[in-house]
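Topology and contacts: notes
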Amino acid sequence: MLEVVINGTHHRVAEGLTILEALLQLGIDVPSVCYDPRARPGADCRLCLVKIAGEVHYSTSCTRPLLPRMCIETHTPELESFRRSMLGLLSTHCAPGAFAALPEKSLHRWMAHYRVDPARTAAADAMDNSHPHFRFDPAECIACYRCVRVCEDLQGQFVWHVVGRGGSDHLSVDRGDRLADSSCVGCGACVDACPTAALVDKSRLHSGAATSWTRTTCSYCGVGCELRVGVREGRIVQVLPEPKSPVSKGHLCSKGRYAWSFGEAPDRIVHPLVSSNGRWQRVAWEEALGRVVTQIQAVRAASGPDSIGVLGSARATNEENYLIQKLARVAIGTNNVDCCARVCHTPSAAALKQMLGTGAATNSFDDIERAQTFLIAGANPTENHPIVGARIKQQVRRGARLIVIDPRRVELAHYADVHLAPRPGTNIPLLNAIAHVIIHDGLRDREFVGARVDGLDMFTKFVREYPPQLAAQICGVSARDIVKAARLYATQKPAMCFHGLGMTEHLQGTAGVMALVNLALLTGNLGRTGAGINPLRGQNNVQGAAVMGCEPDSLTGSIPLKEGRGRFESVWGAKLPTARGLNLLQMIDAAEAGRLKMLYVVGYDILLTLANVERIRRALRRLDALVVQDFVMNETAREFGTVFLPAATAFEKDGTFMNAERRIQRVRKALEPPGLARTDAWIVAELASRLGHEQAFRFKDAQQIWNEVRTVWPAAAGIEYPRIESAGLQWPCPSQQHPGTAVLHADSFARRRSAKLECVAYAPTEEQTDAQYPFMLTTGRNLYQFNAGTMTGRTHNRKFRPHDTIDISPADAARLHVIPGLLLRVVSRRGSVVLPARIDIRVKAGELFTTFHEPMHFVNRITSSVRDQQVATPEYKVTAVRIEPADGA
Ligand SMILES: Nc1nc2c(c(=O)[nH]1)N[C@H]1C(S)=C(S)[C@@H](COP(=O)(O)OP(=O)(O)OC[C@H]3O[C@@H](n4cnc5c(=O)[nH]c(N)nc54)[C@H](O)[C@@H]3O)O[C@H]1N2
Ligand SMILES: Nc1nc2c(c(=O)[nH]1)N[C@H]1C(S)=C(S)[C@@H](COP(=O)(O)OP(=O)(O)OC[C@H]3O[C@@H](n4cnc5c(=O)[nH]c(N)nc54)[C@H](O)[C@@H]3O)O[C@H]1N2
Ligand SMILES: [Mo]
């Protein structure tokens, strides 16, 4: 702390602040429009000038460090008069209309405060209206360049540039003349930062200012950014980043910030529907719920409770998923309950649980700023977890080292010290070779391995079989790069690993994550900040859905059925089913074999998104009943639904989500559900009560459900709603006094002191290229669209990347005379799809990439039925295909 005098009063302030930061902390409101806490200072607007005793000239408080015993004046008459005249100059860029329409812009606020009138006389310049989400009006720009700084320092995108000099300097975009042609990724940070009417959200212009704001958690990916949702007359009109969020720290991506209008889509379903003779009919809730209950009872009477399956939703809240698995187990009587974690990061959870004792990310996003090295394996965070991607990029700009393992040259690969681009499906030999180098070069952390790691001798012998030269051959990478990656990871510590589906969606998905854990164990990159093994979990609450118990073998808190039975039976006042439950893929197999008769699917489009669609169709066709609970007619419902239950969106309910760093955060209701739409919690409780279990499902609100979760799951006992009002807490948090756990395994692993290195041998998948299918296709996502596309596809985000494309390398495109947009038929051993070509320098020759966001294309018609050896995750990442012109498509 240091002592200063401000306006004659003594204050004690933290060290390391600028004068302006200190003033803001003390609540001394000095005007500034170019200062942005998320970017380096600019000192452009000069409104924050202060007088420092003993100095002749005034200083911009945003750039001057606060020093001990400084004596500062902030509001002398002279300073105030100077500010008024500065605002007078700035006001010549401010039109009266813009001033009146956008009172929240900070220049307008300070002009109003100092009674300076808008004085723009210049005619409007050409406006840039090309961006779907916001508008640029150069005539209103005061050249404070806050947008430039925030684009660079927060998003790391470098879209905005200052061109010209002196008085004629102005803003320009990095590519082309318009925002639409630039490299802008639509995060909206510049709009949010802009203090004038130069950059404004279109929704704000068209729908007016919000009259109420609700803080909530984003319902797209597993990062868990926080939003401020602005509502006017029962509609969302604007979403802004929550500055106090510990995760997103006042930043959002184009989905969280702009893709929120799906709830208003004209084709949203807001009435319960039942199908009769292949046609949907609107019915009252009573009838729809009655129909589901009759179907459950009929199937149960004829073939037993285990002929029914239930799928929870990675998009719904923890509270709702808790009720869904309780419904399956208590009210229906089966352990056949799962969720889409199965197709995504169940391999990560399984590998981490088996090796370290807890099946979740070991570290926190705040460790990004503490890491010296990143290992990004099979993940594309700047598109799929953009706030994490941006934070990693910034840390690399600050000097951290970066290793990327991805067949494609994804954005982070451009910043990497080493980019290893293995052939899809060859992670294991590559990671084993890295382990080989670490051991061979004597780079292991002797102290850590000695104290906390078992099995070194056996492992050393095992990895002898994986010299870099051999792996280089199998994987198609250079042996030198393997050595370089190994040395960086082992020596530039702490090294933090993030991984994604390029690791898990394989025959050897679980094994692949184990191979990563081996590297962390060998190098001591576990149990400390800035390190760890961190799966970038998929949807907003996919980890929550699984941890709440939407998994056949485990109850809430990932507690194995056997272990938790007693406690759960006493809290629930009911017996738990004893038969082993089926996972999602086993449910599909059982349906295909005629053993599973009914599925109840909450917020999950299995038909569109499971691999090898024809096989899924064959299975779903055999069901007697398929109940879908969603807010749009997804593909599963369209083709096979017997009852449709209209759900509320995340903006329309209360509860919590669990993000990828184990943080439980609040979801708050900003809107009423439209029509007859109801929350998943309401629907599930109504079903349970009609099945004779009213008592066990009677809860006043989401908080009461969560309190029951806390009684059955000891590691969450301390996470009470009042404690997570402003920041969320990371489990384990076993008591009300416990601060939550940012880093797992600090002194010991969950069940024991040491962890064992696993020898994971490479087993190539049967899905290989040959003369008939010479290309290796891998599938994934793009920044603007989200999974089944039901949400982003109903917002302005559809204007970016409106179609799934088949991405091909420039070399193959030239060889095969493929031009952008050419329709290609992509044929695999299972079927074919037609996609427009996109030439993409990120893709290697001999490989192809596509996304699966669009029902029109149904990309999973071509993916295979190969599954992870341990937990059955589909091998979405490896499909041998050929391409041919799609004549007549
Ligand atoms: N914009 C957007 N964000 C999303 C989603 C979305 O649909 N859109 N979906 C969310 C969900 S559900 C999830 S699970 C996450 C997924 O996020 P990620 O895990 O990042 O997902 P993917 O893009 O499917 O795959 C990641 C990378 O794996 C690479 N890859 C393919 N095969 C291999 C291989 O054999 N080895 C290695 N090392 N890499 C390989 C691909 O080239 C790709 O770049 O994203 C979430 N976030
Ligand atoms: N080829 C290929 N296929 C893949 C993948 C791949 O990489 N390649 N990735 C796989 C992965 S990782 C995943 S996670 C799956 C994703 O597949 P899905 O889980 O089907 O995809 P989502 O778009 O996340 O949405 C699920 C559904 O939930 C609905 N929904 C959203 N919020 C709510 C809510 O609050 N309540 C209810 N009831 N419904 C809601 C949405 O409208 C949508 O229909 O796809 C998998 N399929
Ligand atoms: Mo996922």
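Residues numbered from 1 in each chain as written. Chains lettered and ligands numbered in written order. Predicted model: local features only at pLDDT ≥ 70, side-chain atom pairs only at ≥ 80, totals over all residues. Heavy atoms only, no water.

Looking at the domain arrangement of the protein
Interface size is commonly expressed as the accessible surface area that is lost when the partners come together. Segmentation of the protein into domains returns domain 1 (2–75), domain 2 (273–344 + 541–631 + 651–730), domain 3 (346–535) and domain 4 (775–885). Relative placement of domain 1 and domain 2: their C-alpha centres are 54 Å apart. (Domains from an automatic or database assignment.)

A few points about helix α20 (residues 509–523)
Relative to the 21 Å expected for 15 residues at 1.5 Å per residue, α20 spans 22 Å between its end C-alpha atoms, a close match to the ideal helical length. Here α20 lies mainly inside the structure; 15 of its 15 residues are buried. Within two residues after α20, Gly524 carries a phi angle of roughly 70°, on the positive side. (Helix = DSSP H or I, 4+ residues; strand = E, 2+ residues; numbered from the N terminus. Expected span 1.5 Å × (residues − 1). Buried < 20%, exposed > 50% of the residue type's maximum accessible area, 1.4 Å probe, protein only.)

A short note on the site of ligand 2
For ligand 2, the set of nearby residues contains 32 residues, the closest of which are Asp605, Thr609, Asp630, Asp680 and Asn860. Asn787 has a polar side-chain atom sitting 3.0 Å from an oxygen atom of ligand 2. One of the side-chain nitrogen or oxygen atoms of Asn860 is found 2.8 Å away from a nitrogen atom of ligand 2. Class assignment of the residues belonging to the shell around ligand 2 gives a composition of 15 nonpolar, nine polar and eight charged. Inspection of the shell around ligand 2 shows a minimum of three residues originating in each of domain 2 (273–344 + 541–631 + 651–730) and domain 4 (775–885). (Near = heavy atom within 4 Å. Polar contact = N/O pair within 3.5 Å; in protein donor to acceptor, adjacent residues only side chain to side chain. Nonpolar A, V, L, I, M, F, W, Y, C, P; charged D, E, K, R; others polar.)

So, the nonpolar core
Leu327, Leu599, Tyr600, Leu620, Leu645 and Trp713 are the most contacted members of the largest nonpolar core, which totals 107 residues. No other element matches the eight residues that helix α10 (residues 318–332) contributes to this core. A domain split of this core shows at least three residues from each of domain 2 (273–344 + 541–631 + 651–730) and domain 4 (775–885). Ignoring sequence-local partners within four residues, the contact set of Leu599 consists of Gly309, Val310, Leu311, Met587, Ile606, Leu620, Leu623, Ala625, Leu626 and Val627. (Core = buried A, V, L, I, M, F, W, Y, C linked by side-chain atoms within 4.5 Å. Contact = heavy atoms within 4.5 Å.)

Topic: the packing of helix α22 (residues 561–572) against helix α28 (residues 702–712)
Interhelical geometry of α22 versus α28 gives an angle of 145° and a closest axis separation of 10 Å. Handedness of the α22/α28 crossing: right-handed. Where α22 abuts α28, its residues Arg567, Phe568, Val571 and Trp572 lie against Glu708, Thr711 and Val712. Of the residues contributing to the contact of α22 with α28, the split by class is four nonpolar, one polar and two charged. (Axes fitted to C-alpha atoms, helices over the stretch in contact; angles between N-to-C directions. Left-handed = near helix turned anticlockwise from the far one by under 90°.)

Structural notes on the packing of helix α5 (residues 146–155) against helix α13 (residues 386–397)
Running from N to C, α5 and α13 point in directions that differ by 95°, and their axes come no closer than 7 Å. On the basis of the axis angle, α5 is roughly perpendicular to α13. Touching Glu152, Asp153, Leu154 and Gln155 of α5 are Ala390, Lys393, Gln394 and Arg397, all from α13. Tallied by class, residues from the contact of α5 with α13 come to two nonpolar, two polar and four charged. (Parallel < 35°, antiparallel > 145°, perpendicular 65-115°, else oblique.)

Things to note about the pairing of strand β3 (residues 49–52)
Note that β3 and strand β4 (residues 59–60) share two bridges and pair antiparallel. Within β4, the position partnered with Val50 by the bridge is Ser59. Hairpin geometry of β3 and β4 is characterised by an intervening segment of six residues between the two adjacent antiparallel strands and by a positive phi of about 90° at Gly54. Where β3 lies against strand β5 (residues 71–73), two bridges are found, and the strand directions are antiparallel. Bridging across to β5, Lys51 finds its partner in Glu73. (Pairing = 2+ DSSP bridges.)

Some remarks on the environment of Pro422
Looking at the secondary structure, you find Pro422 in the loop between β19 (418–420) and α14 (427–440). Measuring from C-alpha to C-alpha, the distance between Pro422 and Cys475 comes to 4.7 Å, with 53 residues separating the pair along the chain. The residues touching Pro422, leaving out its near neighbours within four places in the chain, are Ile405, Asp406, Pro407, Asn427, Leu430, Cys475, Val477, Lys844 and Glu847.

Examining the sheet that holds strand β13 (residues 273–276)
Within the open sheet, the seven strands sit side by side as β14-β13-β27-β26-β25-β15-β16. Their pairing is mixed. Where the open sheet ends on each side, the last strands, each with one partner, are β14 (279–282) and β16 (337–338). Against the sheet, helix α9 (residues 285–303) contacts β13, β15 (308–311), β25 (598–602), β26 (625–630) and β27 (643–646), and its axis sits at roughly 130° relative to β27. The sheet strands contacting α10 are β15, β16 and β25, and the helix crosses β15 at an angle near 160°.

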